[in-house]
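Structural overview for review
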Amino acid sequence: MSSNPIPQSSGGGGRGAGSSDGLFRKPRDPSMAPRHYRTPRSLPDVCPKEPTGEGRGLCDGPSVVADQHRWTVYNSKVNLPAALNDPRLTKRESDFFTKTWGLDFTETDVMPSFYLPNITREHFSSYLQETAQREKIHERCKNVCQSKDDLAVPTITNNHDKARAELDQVPKIFMKPEFVLNDPATFNAVLPWSHFSVAAGKNSRDVASSRLLQEKLSHYLDVVEVSIARQISLRSEAFFHAMSSQHELQDRLRETADSVAKLRARTSAIDRVMCRGPLRALRDALTRNNCAKLHNKLKLMAAVHQTQPTVQLLLSTSEFVGALELIATTKEVLQQELQGIHSFRHLGSQLCEMERLIDKMMVADFSTYAQSDLNRPFEEDIQVMEKDRLQSLVFGLLRQRKLDFLDIYSDEMIRAAKTVVRQCVEKSVSQISEIDADTVKFHEQMRLMTFHQWFDLLLDIFEHFILFLKRIKATLSVIRNVVLEVLDSSQRSRIADVTPATNHSQEDEEDSGVHHSGEAELAYLTHEGLFISDALNEAEARSSVPAQARAQARTEACGSDSASATTESSSSREHNYNTTSSLPAGGAAALSEDVMPSDLELGRVANNVQELLYTASDVCHDRCVKVLMTRAKDGSLERLSSAEFVCLSQAVESFVQDTEQECVRRSMSLRGALQSQANRFVQRFHEERKTKLSLLLDNERWKQAEVPVEFQDLVDSIADGRISLPERRHKVSEDRKPSEFLCVDGQKYAVVGTVLLLIRMFLEYCQCVNDIPSITTDILTRLTDLLKHFNSRSCQLVLGAGALQVVGLKTITTRNLALASRCLQLVVLYIPVIRAHFETRLQPKQYSILRHFDHITKDYNDHIAEISAKLVAIMDSMFEKALSKYEVKAPMPSACLRNVCKQMAKMHEAIYELLPEEQTQMLFLRINARFNLHLRRQLARLGVSNDGGPQNGLVMVDVAFYSENVQALRSLECLDLNMPEIWEQKR
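All values derive from a computational prediction rather than experimental measurement. (Residues numbered from 1 in each chain as written. Predicted model: local features only at pLDDT ≥ 70, side-chain atom pairs only at ≥ 80, totals over all residues. Heavy atoms only, no water.)

**Regarding the overall build of the chain**
Counting its secondary structure elements, the chain contains 30 helices and 2 strands. Buried residues in the chain amount to 33% of all 987 residues. (Helix = DSSP H or I, 4+ residues; strand = E, 2+ residues; numbered from the N terminus. Buried < 20%, exposed > 50% of the residue type's maximum accessible area, 1.4 Å probe, protein only.)

Pasting the structure below:
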């Protein structure tokens, strides 16, 4: 290693900037520095410290001014030869003046400082221009005079080769970096003990070997020391250069230390005179603000501390809403203002537990209210009981999102409906001495009542249920109004939140310039950055301090003044309002949305209130169905008379209409139960009348019956358009007696007693339809079945001669046949009237069922035609038997024709009073046609023709006798007998 030595001048004055050696010297006196060097300036503080709010934080860091006479790391000194000859270092450090060295030192790249200027070649341009001429002279002198290093190159090379040869004699093991004598292998290689004898005693050979080894090692040591000394001598100039630089560096450090001491003294004076006072003022202001904050926090903590006793006081007066608002406000204060307070670490969970307890209390109180409201005596007013209490409960339940409170009311409503029925039954049973309420079961008590007793009970239940529904409707109306008020308030608050948000954004834009100027002023007052963050926080919080102070004052009043629950509730509401108003608009909206249900949920609750009213109607109907079914279990309702069942039906229909008017809901359960009972009633009603009709027909002797006055009046009412049973008359006027015929529209009908009762029966059917419209189709079907049964059974008894065996008639006479025909004609006369009556009670889509009347009319007409044919057949058989013996001989008229005329007269006598003249004439025309047919056949067998002979004359005498006798019968005078038909026409 070689370095250029620094030439030294012979005198101290030779170090001046203008020495004659041509070399530039840096002046040591700062006052003599060239003008182009700038004086050092203070660097900005790169680590500004901000206060933490405590006074001692301003002076905890090390003070350069106050600690200038205390020992620092810069006062330490190092022995330079010891550092240079440190045997622990394998290699000497070339930068020991610029770092702290040590055994564990590791070199790292040091980032350039951002606060030091970037030195470029342009900074030295003026210096290079001044020294350029001198540098040229210096280079010229170096070329002329050979340097000492160039003359010593051969000598150094020879010495180096000699030293290399001597070092090669030293074994390489001593040069290895891992050379350690503690290693056995290394120790044996350096000291070969195998050359020495291990026997006791030492011989001369071992002594010589050890001496030789010692000399060898000494030689190695000398070679190494000589080599080290040679290397030191070669680098002696560099050592002297380093020492001279060290002296110069120490001089400059001493000058720098003096300057720093002066600077520290001046800074200490500035700190004492100008800084400590303002800093103390700022620190006192900060301390005062902190104390004010602490005082406000303590007042707020005192108010929060009173939350639990205040909540208990509110709960004792059932002020659930005020208690919930106070809890919500306290929780909000704990989360925003008192977050992290150790003494309140459990208060949040206690408030949550208290809130859950209030939830349970509200649910229990609402259940109790529902029980007392629904089970109070019906003698009281139907108005809402304790309306304010109900509104408070509903609002509290909505606030806590307990939206299932209507289910509680529904359950209580069902239980109350059961209680209403039980109370009515017990009241009715207590008035009946025949029933022992202690020994007879509840359901059996209703079955043991007579119909009138049970019907009075049912009317009483209907009346109580109407009052019950009115009471429920009034209560649910209050609940619905509360829900709608909350919904309306929520919508209005949402609209109000949108408008202030827009206004606040405009005001913020207008005030942005003022805020920026205030921040600039604060930054100017604290230019070192010590109080910037706290000052900005104070500026931001200054606007919210009045609102928070008002909120704290109200909270403190809420915590301390616990004499009145109303005052507590109002103050807690104000506190809650002010707390939420101090939040941003979005925060207040989010808080309100979190507290109250959404609009969708509130709308669903309002709908559920209306559905609950419908449920109340259904519950009342269901309980009435239970009462109805309990009575009908043993079939007692099926055995009711028509009038009784009509009364029951009208009472049920009236109750259903009343409930529909109250609840605006058509409940079908009671109507369905009544319809079921009506169907059973119709079945029994029909079976009774059908059985009665069968018995009447089986006992009918088919003789003309007298027509009582009431039946004539019944027929007259039908003619007047009243298709219903007349009211019963206890006394009949004595001047009116039963008649032989039934007069209908001016015609006389000879009838049997069964037909009169049949007319009354189908009027009863029509009356049922009038009283119970819901059974119209069923009644119509049953009535058609009854008419069919009458037609078929009468056919069996008369045409089928069943009456011979059933009643014991000897024969079925023509009078019986004519009477049956006339009865059938009467029924056919009323079928259109019945049809028209039912048609007015049917829906248009049900008109198809009326075709049954058309089928029945056809069946009846066919039956009437069969009876007429039977009458003709009777006379036909008589004609055939009598005329088969007819002979044309004197005397005339013949006995055969006398017998025929006698039978014709009997026939006419039998049917004349029963059938109208038209039917009689038509019947005898048909009979006459059969007579002509048989007579023609007999004359053809006898060979008598219309030739004017004697036999022809005898036949004409008989025919004239026949015609005279037939036309002599009443209503047959003008009958055209067409007697020429007896003669066969010639072909």
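**Quick notes on the packing of helix H21 (residues 669-698) against helix H24 (residues 776-799)**
Geometrically, a packed helix pair is captured by the angle between its two axes and the distance between the axes. Two elements in contact, H21 and H24, have axes whose closest approach is 10 Å; the angle formed by their N-to-C orientations is 15 degrees. Regarding the angle of H21 to H24, the classification is roughly parallel. Handedness of the crossing formed by H21 with H24: right-handed. Contacts between H21 and H24 involve Asn 679, Val 682, Gln 683, His 686, Arg 689, Lys 690, Leu 693, Ser 694, Leu 697 and Asp 698 from the first element and Asp 778, Ile 779, Arg 782, Asp 785, Leu 786, His 789, Phe 790, Arg 793, Ser 794 and Leu 797 from the second. (Axes fitted to C-alpha atoms, helices over the stretch in contact; angles between N-to-C directions. Parallel < 35°, antiparallel > 145°, perpendicular 65-115°, else oblique. Left-handed = near helix turned anticlockwise from the far one by under 90°. Contact = heavy atoms within 4.5 Å.)

**Some remarks on the side chain of Glu 700**
By the secondary structure assignment, Glu 700 is in the loop between H21 and helix H22 (709-719). Despite its burial, Glu 700 pairs with no opposite charge, the nearest such side chain being Arg 701 at 7.9 Å. A polar side-chain atom of Glu 700 sits 2.7 Å from a polar atom in the side chain of Thr 754. When residues no more than four places from it in sequence are discounted, the contact partners of Glu 700 are Val 752, Gly 753, Thr 754 and Val 807. (Lys, Arg positive; Asp, Glu negative; His and termini not counted. Salt bridge = Lys/Arg side-chain N within 4 Å of Asp/Glu carboxyl O. Polar contact = N/O pair within 3.5 Å; in protein donor to acceptor, adjacent residues only side chain to side chain.)

**Re the packing of aromatic side chains**
Under the counting rule described, the total for this entry stands at 16 aromatic pairs. With 6.5 Å between their ring centres and 20 degrees between their planes, Phe 790 and Tyr 860 make a pair best called stacked. With Phe 790 in helix H24 and Tyr 860 in helix H27 (residues 851-883), this residue pair connects regions lying 70 residues apart in the sequence. For Phe 790, a relative accessible area of 0% gives the class buried. In textbook terms, an aromatic cluster arises when at least three aromatic residues are bridged by ring pairs, as seen for Phe 645, Phe 681, Phe 685 and Tyr 765. Against the face of Tyr 749 rests Arg 822, its NZ or CZ located 3.8 Å from the ring centre. (Phe/Tyr/Trp six-rings, centres within 6.5 Å; stacked < 30°, edge-to-face > 60°. Lys NZ or Arg CZ within 6 Å of the ring centre and 35° of its normal.)

**Observations concerning the confidence of the model for the chain**
The share of residues in the chain with pLDDT of 70 or more is 74%, and the mean pLDDT across the chain is 76. The secondary-structure element of the chain with the lowest mean pLDDT is helix H17 (residues 565-582), recorded at 38, while H27 shows the highest, at 93. Every residue in residues 1-61 is under pLDDT 50, and counting partners more than four places away or in other chains gives 49 contacts. Confidence drops under pLDDT 50 across residues 513-593; counting only partners more than four residues distant or on other chains, this segment forms 85 contacts. (pLDDT = per-residue confidence, 0-100.)

**Structural notes on the side chain of Asp 876**
Position of Asp 876 relative to the elements: it lies in helix H27. Given a relative accessible area of 14%, Asp 876 falls into the buried group. Sequence-distant contacts of Asp 876, defined by excluding residues within four places in its chain, comprise Arg 930 and His 934.

**A short note on unusual backbone geometry**
Trans peptide bonds make up the majority, and among non-glycine residues the majority have a negative phi. Cis geometry is found at the peptide bond from Ala 890 to Pro 891, where omega equals 5 degrees. Here Pro 891 is to be found in the loop between H27 and helix H28 (895-911). Omega for the peptide link from Met 892 to Pro 893 comes to -5 degrees, which places this bond in the cis form. Relative to the assigned elements, Pro 893 resides in the loop between H27 and H28. Non-glycine residue Ser 971 carries a positive phi angle of around 70 degrees. With respect to the helices and strands, the residue Ser 971 is situated in the segment after helix H30 (950-967). Judged by relative accessible area, which is 10%, Ser 971 ranks as buried. Located in the positive-phi region is Asn 978, a residue other than glycine, with phi close to 55 degrees. By the secondary structure assignment, Asn 978 is in the segment after H30. Exposure remark for Asn 978: the relative accessible area of 34% places this residue in the partly exposed category.

**With respect to the nonpolar core**
If you look at the biggest cluster of nonpolar residues, it comprises 198 residues, and the most contacted ones within it are Trp 454 and Phe 468. Considering each element in turn, this core owes the most residues, 19 residues, to helix H14 (residues 451-525). Not counting the four nearest positions on each side in its chain, Phe 468 is found in contact with Leu 374, Phe 378, Met 413, Ala 416, Ala 417, Val 420 and Cys 620. (Core = buried A, V, L, I, M, F, W, Y, C linked by side-chain atoms within 4.5 Å.)

**Quick look at the pattern of salt bridges**
Counted under the stated rule, the structure contains 24 salt bridges. The residue Asp 168 makes a salt bridge to Lys 172 at a minimum N-O spacing of 3.9 Å. On the basis of relative accessibility, which here comes to 44%, the residue Asp 168 falls in the partly exposed class. Residue Lys 172 is classed as exposed on the basis of its relative accessible area of 54%. Across the pair Lys 858 and Asp 862 runs a salt bridge, and its minimum N-O distance is 3.2 Å. Here Asp 862 and Lys 858 lie together in helix H27, a separation of 4 residues that amounts to about one turn.

**Remarks on a nonpolar patch on the surface**
Taken together, the side chains of Ile 119, Phe 124, Tyr 127 and Leu 128 present a nonpolar region at the surface, about 350 Å² in accessible area. Assignment of secondary structure puts Leu 128 in helix H2 (residues 125-144). (Patch = residues over 30% accessible without salt bridge, like charges linked within 9 Å, V, L, I, M, F, W, Y side chains within 5 Å. Areas by Shrake-Rupley, 256 points an atom, 1.4 Å probe, with all protein chains shown as cover.)

**Here we look at H24**
Here H24 is 24 residues long and its end C-alpha atoms lie 34 Å apart, about the 34 Å a rise of 1.5 Å per residue gives. Directly beyond the C-terminal end of H24, a positive phi value near 60 degrees is found at Ala 801. (Expected span 1.5 Å × (residues − 1).)

**Quick notes on the packing of helix H19 (residues 599-632) against helix H20 (residues 642-663)**
With their axes 10 Å apart at the nearest point, H19 and H20 run at an angle of 165 degrees to one another. Taken together, H19 and H20 sit at an angle that is classed as roughly antiparallel. At the point where H19 passes H20, the crossing takes the right-handed sense. Together, Gln 610, Leu 613, Tyr 614, Ser 617, Cys 620, His 621, Cys 624 and Leu 628 of H19 and Leu 648, Phe 655, Val 656, Thr 659, Glu 662 and Cys 663 of H20 make up the contact between the two elements. Split by residue class, the contact of H19 with H20 holds 9 nonpolar, 4 polar and 1 charged. (Nonpolar A, V, L, I, M, F, W, Y, C, P; charged D, E, K, R; others polar.)

**A look at a negative patch on the surface**
Together, Glu 706, Glu 740, Glu 909 and Glu 913 line one region of the surface with negative charge. Along the chain, Glu 909 falls in helix H28. Exposure remark for Glu 909: the relative accessible area of 62% places this residue in the exposed category. (Charge placed at Lys NZ, Arg CZ, Asp CG, Glu CD.)

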